[in-house]
Amino acid sequence: MTEFETATLYIVATPIGNLSDMSQRAIDTLKDVSIIAAEDTRHSGHLLKHFSISTPSISLHEHNEQQRSEVLLQRLKQGESVALISDAGTPLISDPGYRLVSLVREHGIAVVPIPGSCALIAALSASGLASDRFTFEGFLPSKQGARLQTLQLLLAESRTMIFYDAPRRLQATLHDMVDVFGETRQACIARELTKLHETITTKPLGELLAWVSDDTNQLKGECVLLVEGVKQQKDTSETEINRVLALLLKELPVKKAAAITASLLNVSKNTAYDMALKLQQK
Ligand code: SAM
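Residues numbered from 1 in each chain as written. Predicted model: local features only at pLDDT ≥ 70, side-chain atom pairs only at ≥ 80, totals over all residues. Heavy atoms only, no water.

Visitor: I would appreciate a short explanation of the sheet that holds strand 3 (residues 57-59) in the present structure.
Guide: Adjacent strands of a sheet form backbone hydrogen bonds with each other and so pair up, either parallel or antiparallel. Strand order in this open sheet of five strands is 3-2-4-1-5, and the pairing throughout is parallel. One side of each edge strand has no neighbouring strand; the edge strands of this open sheet are strand 3 and strand 5 (110-114). Strand-to-strand, the axes of this sheet are offset by a mean angle of 25°, without reference to chain direction. Of the pairings in the sheet, the one linking strand 2 (residues 35-38) to strand 4 (residues 82-85) comprises four bridges and is parallel in character. In the sheet register, Ala38 faces strand 4, and the bridge partner there is Ile85. Across the face of the sheet, helix 1 (residues 24-32) comes into contact with strand 1 (8-12), strand 2, strand 4 and strand 5 while running at roughly 140° to strand 5. (Pairing = 2+ DSSP bridges. Helix = DSSP H or I, 4+ residues; strand = E, 2+ residues; numbered from the N terminus. Axes fitted to C-alpha atoms, helices over the stretch in contact; angles between N-to-C directions. Contact = heavy atoms within 4.5 Å.)

This is the structure we're talking about:
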């Protein structure tokens, strides 16, 4: 039984380096569709040839996406199926395709993802940084002023932040990150993922900057940069101190309850003790 449907737009992920990461479902879909829209037809030609896929392709890139989307929409309306691929990884993730997908969905035509490689997810999964909540920031601006401004807006971000970067800019980016986030914030460079020279290194930002400055090999190839989010500030408001004290005072003497509250909330023992006494007198 084939899952293949007519009049459907398939969003097909391709490898980010290692061709063995191409899924069987991706190969089958690319063989079955009427046409493949590829970011760069010449680049994708190698991949298609490798998997003996002879489906015709047309280009869909940043500069022709609007016009190509209309052409593809007409073909979908006539019952043909279309696959979208990008140069590497998952289309639409810092790659073209958003306009096509929204147009096609507006016309009530099915859009089906064929998931697979994605550099940000691969990097996050092996970085050792918190993965329960994260934010993908894509590429930072190339001009330093705008880059610093974007980073400053992320100062209070508590989720792991993920950036794509060009190797020629990595050193400058790290430099700005040290300026904004400080040199002790944990960060990770995930370079050449799934390829021969894959390296995934997690260290404080200052050490990462020193490392790539000493070993310029680390500036080669493709990379994802991840930065730990800011640690949540402890709530040391009076209400919170009283809440913790009240809980502890149910079980402990004043002195003990005050000492534990002081160390939990990072407030002075005297403050906690005075507040505990007032609570007891109520
Ligand atoms: N759509 C792709 C995806 O799903 O990850 C991303 C395309 S974006 C134009 C290219 C950027 O992705 C690179 O500059 C780099 O930051 C990251 N990237 C792609 N392949 C990578 C790899 N093998 N190792 C590390 N980073 C990679």
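What follows continues from the structure just given.
Visitor: When you look at the pattern of salt bridges in this model, what are you seeing that I'm missing?
Guide: Pairing is possible between side chains that carry opposite charge, provided their charged atoms lie close to one another. Taken as a whole and judged by the stated rule, the model has eight salt bridges. A salt bridge links Asp176 to Arg147, with the shortest nitrogen-to-oxygen separation between them at 2.7 Å. With Asp176 in helix 7 (residues 170-181) and Arg147 in helix 6 (residues 144-152), the pair connects residues that are 29 residues apart, well separated along the chain. Residues joined in a network through salt bridges with shared partners are Glu192, Lys195 and Glu222. (Salt bridge = Lys/Arg side-chain N within 4 Å of Asp/Glu carboxyl O.)

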